[in-house]
Amino acid sequence: MAKIIEPPPKTERQAPPTRQVKRSVRRLESKSKVDGSAEYIHNLTLPGMLYGKIARSSIPHGKILSIDPGAALALEGVYAVITGDDIRRLIPDPYYGPAFHDQPILALDKVRYAGEPVAVALAKDPHVAEEAADLIAVEYEPLEAVFDEVQAAKPGAPIIHDVLKPATTFPDLKHLQGRSGTNVALSAHVRRGDLAQAFKESDYVFEQTFRNGKVIHAPLEPYVTVGEMAGPDGLTIHTASQSPSFVRSEISRLLGWPENRVRVRTAFLGGGFGGKLYIKLEALVAACTLLVRKPVRIALTMEEQFYTITKHGATVRLKTGVRKDGRIVAREVEVWWNGGAYADIGPRVTQKSGLTSSGPYDIENISIESHAVYTNEPPAGALRGFGISQVVWAYESQADVIARALNIDPIDFRRRNILREGRPHATGMPMTDIDIDAILDRLAERMEWNRPFDRGSATIRRGRGIAIGIKSCVAPTTSVAMVNIYGDGSCGICSSTVDMGQGSDTAMAQIAAEILGISTESIRVVHPDTDVTPYDMATLGSRSTYHMGNAVRRAAEDARAQLLRMAATVLKTGEGDLECRDGVIAAHCGARVTFRDLMVARFAMQAGNIIGIGSFIPPYEKPDHETGQSRQITPFWMLGGAGAEIEVDTETGRIHVVKLVNVGDAGSPINPDIVERQLIGAGTMQFGFTVFEEMIFNEGQVVNASFADYKIPGMLDVPDQLSGEMVEVPHRQGPFGAKGVGETGMFCVSPAIGNALYDAVEVRITEMPLTPERVLRALRRAQNRPLGSD
């Protein structure tokens, strides 16, 4: 029998249920991260495990003439040396990739960038394995290389891949075609209006070219994967990955196995930022594990991160036609993305960021050409924003150029041109659930835009700038979740969303808790394990709150519906008379039953499970191949803005950011504190990309592949005043009005600082980053006092 709690006296009024969403619940993993008990794959060791160290190409492009492992195998303690030919005997077609199957597990026949994996040494001691990797002798025949993305796209450039084979895995990339004789993997187009006529009718035409160099993700937890046999015909992969479901499907495809023979699990990630997506080390570790039939661990050093995945370098050419009143009437954009030697997810970056490269502006006449280009540099992939910061740097820098030329206040110029509710985006999709005016209002308020501004001294000049930006969310994608009510009434969530520091465990628990009427802290979130947790496309692109959040909400609603049906029988009332609140199921008359007692009533003991299932796929309309037009290109829009106040030392070129305000539209936030920290964290990361970080190449060789030479921000570098501000515009399809915000803080920081630089010293720099040397050279050129090499 269920224990039924009788109704309270009629004079006793019930308090409203405690809200779990839109509340700054402390993150569920806080204590475990402080006391060191949180699980990370980097800390995993297995009995009999071998350590793998990678021998890498010393040249950017060349044929492999021979690989001699003799000296390495002669070293005491070395178990094996694995080459591409060894892997090909196990996997006849050992090429992988989310867009094209273009990347070999280990180099075959030739190498395409300096640092490409060529062989692996395995030993029980990682130091022995490292020494052995250095002893592997590889002979090459050098080939002509190309490094610049614009040059690589031209006819006659050295061809990096003879033939391209589309992967056809993801729906938004199924249009990719096999190509040969070109380094252009994809050209995406957007066409709207009559561009030529609009330029003729423009009062002014502005044309500039902007450039971003390459940077790295630099997660402090290294890339790491551990493989082990699961019986005689199965494989378990423990990996620091943002996309365990994709890893399982891709490893299964490579091996020709059903997915149920491959298990992929992960834990907390010590940062990812897009770098740990798709396949990084997993295919190599899987192959090594199967070849030696022992557990194998490969973890990259910080130096090796520079050779594994980077942010896309990009060249953006903008041509914009404007009327005298400041209205933009025409915009032509061409973007070349430096994808490096292998495509990774570059075609999606090219497509998704290309379609928004005209900016958050209401422009009737638009042409966009966006090209994914192979070069002989390390591969480029997703990095927090999927290419958006590169195009925002261009169009928001030019927005200030235009505003100043027309003598219009920068905020007022943007107000005259922004997209508003119901107006069509460049792709033709009507804008919904947006308020860019509110972002500009918050920027103006926090930047005290209308107050008198101190311009500093002759040596230390002060300036301020703002920028706004827009991003679409990747679509179409699928998320599936399970909510499990256990025999004692406790609750768990099974989800393949990866918590990599963004607080997704807490947000998902809050969503389920709100539906079930229990506390967030009482829910356990089961981390991704493809044997246990259901499919999720990946933790990327700010999609998790919206996609997995909706899946979790539906799963919790399914579980709640089952609970209410059971409770209606026990309490002898209708389901419509019941609600879940404060850990019980309560009838309107006041009678209540706990989850545990309900389970005992149903199963005659503390036993059984109630499983709620939820899946979510947002609506999507494939864009027209020639025009890029679509009525539903994205499930939601991400909108952000930034404002910066800076000081510039005119004698050294050093920029000191006094104030940085990052504003983001998070819909209606599930956890306001987490959203604020996401905006601050993203702003800090992009601040580093703006003033410090840059991979420096010499003929394809990375020459600053260490934190001694590659500067990331430290605590003494960050802006004096750094804030994250939310603008609340509830999204009608988001879980409780929420949408993703993990990338929003990245969009606008660079042009805000670049525009502040011009405001301070009247020098426009069009190439990132804004290092002291680059700023000083620009200042000296403006003064007709160029430095030596200019």
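Rules of the game
- Counting from 1, residues in each chain are numbered in the order their sequence is written.
- Totals for whole chains, interfaces and linings use all residues, but because this is a predicted model, local features are given only for residues with pLDDT of at least 70 and pairs of side-chain atoms are given and counted only at 80 or more.
- To get the side-chain values, take all heavy atoms of the structure and skip hydrogens and water.
- Strands qualify as paired when DSSP identifies two bridges or more between them.
- Comment: elements are numbered from the N terminus, with helices defined as DSSP H or I runs of at least four residues and strands as E runs of at least two.
- Convention adopted: a line fitted to C-alpha atoms gives each axis, helices being fitted over their contacting stretch, and angles between N-to-C directions are expressed from 0 to 180 degrees.
- The contact criterion used is simple: two residues touch if any of their non-hydrogen atoms lie within 4.5 Å.
- Expected span, for any helix, means 1.5 Å times one less than how many residues it has.
- The classification of residues rests on relative accessible area computed with a 1.4 Å probe and restricted to protein chains. Under 20% of the type maximum is buried, over 50% is exposed, and intermediate values are partly exposed.
- Aromatic pairs are defined between Phe, Tyr and Trp rings, using the six-membered ring for Trp, whenever the two ring centres lie within 6.5 Å; interplanar angles under 30 degrees are classed as stacked, those over 60 as edge-to-face, and all others as tilted.
- Definition used: whenever NZ (Lys) or CZ (Arg) falls within 6 Å of the ring centre and also within 35 degrees of the ring normal, the charge is taken to sit over that ring.
- With a 1 Å grid spanning the protein atoms alone, the term cavity applies to any set of points in which a 1.4 Å probe fits but cannot get out, the term pocket to an open set with protein on both sides within 12 Å along at least five of seven lines, and the term lining residue to any residue with an atom within 4 Å of a point.
- Grid points are joined across faces, edges and corners, and a volume is the space filled by probe spheres set on the points.
- Gly is placed with the polar residues, together with every amino acid not listed as nonpolar (Ala, Val, Leu, Ile, Met, Phe, Trp, Tyr, Cys and Pro) or charged (Asp, Glu, Lys and Arg).
- In this entry, domain limits derive from an automatic or database-based domain assignment.
- What counts as buried area is the accessible surface, traced by a 1.4 Å probe, that two parts surrender upon association, with contributions from both included.
- The working definition used for a salt bridge is a side-chain nitrogen of Lys or Arg within 4 Å of a carboxyl oxygen of Asp or Glu.

1. A look at the sheet that holds strand β9 (residues 184-192)
Here is step 1 of the chain: With mixed pairing, the five strands of this open sheet are ordered in space as β9-β17-β16-β15-β10. Each end of this open sheet is capped by a strand with a single partner; those strands are β9 and β10 (204-212). Across the sheet, the mean angle separating the axes of adjacent strands is 5° when strand polarity is ignored.
Here is step 2 of the chain: Direction of pairing for β10 relative to strand β15 (residues 313-322): antiparallel, over a ladder of nine bridges. If you follow valine 205 over to β15, its bridge partner there is glycine 321.
Here is step 3 of the chain: Sitting on the sheet, helix α11 (residues 388-405) touches β10, β15 and β16 (328-338), and the angle it makes with β10 is about 145°.

2. What to know about helix α18 (residues 749-761)
Here is step 1 of the chain: Compared with the 18 Å implied by 1.5 Å per residue over 13 residues, the 19 Å span of α18 between its first and last C-alpha is a close match.
Here is step 2 of the chain: By the criterion of burial, α18 is predominantly enclosed, with 12 of the 13 residues buried.
Here is step 3 of the chain: Taken as a whole, α18 has its buried residues at Val749, Ser750, Pro751, Ala752, Ile753, Gly754, Asn755, Ala756, Leu757, Asp759, Ala760 and Val761.

3. Remarks on the packing of aromatic side chains
Here is step 1 of the chain: Following the criterion strictly, the structure yields 11 aromatic pairs and no others.
Here is step 2 of the chain: Measuring from ring centre to ring centre gives 6.3 Å for tyrosine 113 and tyrosine 342, while their planes differ by 75°; the resulting arrangement is edge-to-face. Placement of tyrosine 113 in the loop between β6 (110-111) and β7 (117-123) and of tyrosine 342 in the loop between β16 and α10 (346-355) is noted, with a sequence separation of 229 residues between them.
Here is step 3 of the chain: Taking the relative accessible area as the measure of exposure, tyrosine 113 reaches 2% and is therefore buried.
Here is step 4 of the chain: Consider the rings of phenylalanine 687 and phenylalanine 692, whose centres lie 5.8 Å apart with planes at 85°: the pair is edge-to-face.
Here is step 5 of the chain: Look at phenylalanine 687 and you get buried, because its relative accessible area is 3%.
Here is step 6 of the chain: The positively charged end of arginine 464 is found above the aromatic ring belonging to tryptophan 449, 4.4 Å away from the centroid.
Here is step 7 of the chain: Between arginine 553 and the ring centre of phenylalanine 736, over which it is positioned, the NZ or CZ distance is 4.2 Å.

4. So, the layout of surface pockets
Here is step 1 of the chain: In this model, the second largest pocket occupies a volume close to 770 Å³.
Here is step 2 of the chain: Taken together, 37 residues make up the lining of the second largest pocket; nearest its centre are Glu694, Met695, Ile696, Glu767 and Arg774.
Here is step 3 of the chain: It is helix α19 (residues 772-782) that contributes the most residues to the lining of the second largest pocket, seven residues altogether.
Here is step 4 of the chain: Residues of the lining of the second largest pocket, tallied by class, amount to 12 nonpolar, eight polar and 17 charged.

5. As for the domain arrangement of the protein chain
Here is step 1 of the chain: You can read the domains of the protein chain as domain 1 (42-145 + 217-307), domain 2 (313-474 + 623-782) and domain 3 (479-616).
Here is step 2 of the chain: The distance between the C-alpha centroids of domain 1 and domain 3 comes to 39 Å.
Here is step 3 of the chain: Domain 1 puts 19 residues into the contact, and the matching count from domain 3 is 18 residues.
Here is step 4 of the chain: Together domain 1 and domain 3 conceal approximately 1400 Å² of surface at their shared face, both sides included; 55% is due to carbon and sulfur atoms.
Here is step 5 of the chain: Per-residue buried area on domain 1 facing domain 3 is highest for Gln242, Ser245 and Phe268; these three make up 33% of the total on that side.
Here is step 6 of the chain: Our count for the domain 1 to domain 3 interface comes out at one salt bridge.
Here is step 7 of the chain: With its nearest N and O atoms 2.6 Å apart, the salt bridge here joins aspartate 529 to arginine 263.
Here is step 8 of the chain: At the level of elements, α7 (244-255) and β13 (262-265) are the ones that each hand at least two residues to the side of domain 1 that touches domain 3.
Here is step 9 of the chain: Here the element with the most residues in the side of domain 1 that touches domain 3 is β13; it accounts for four residues.

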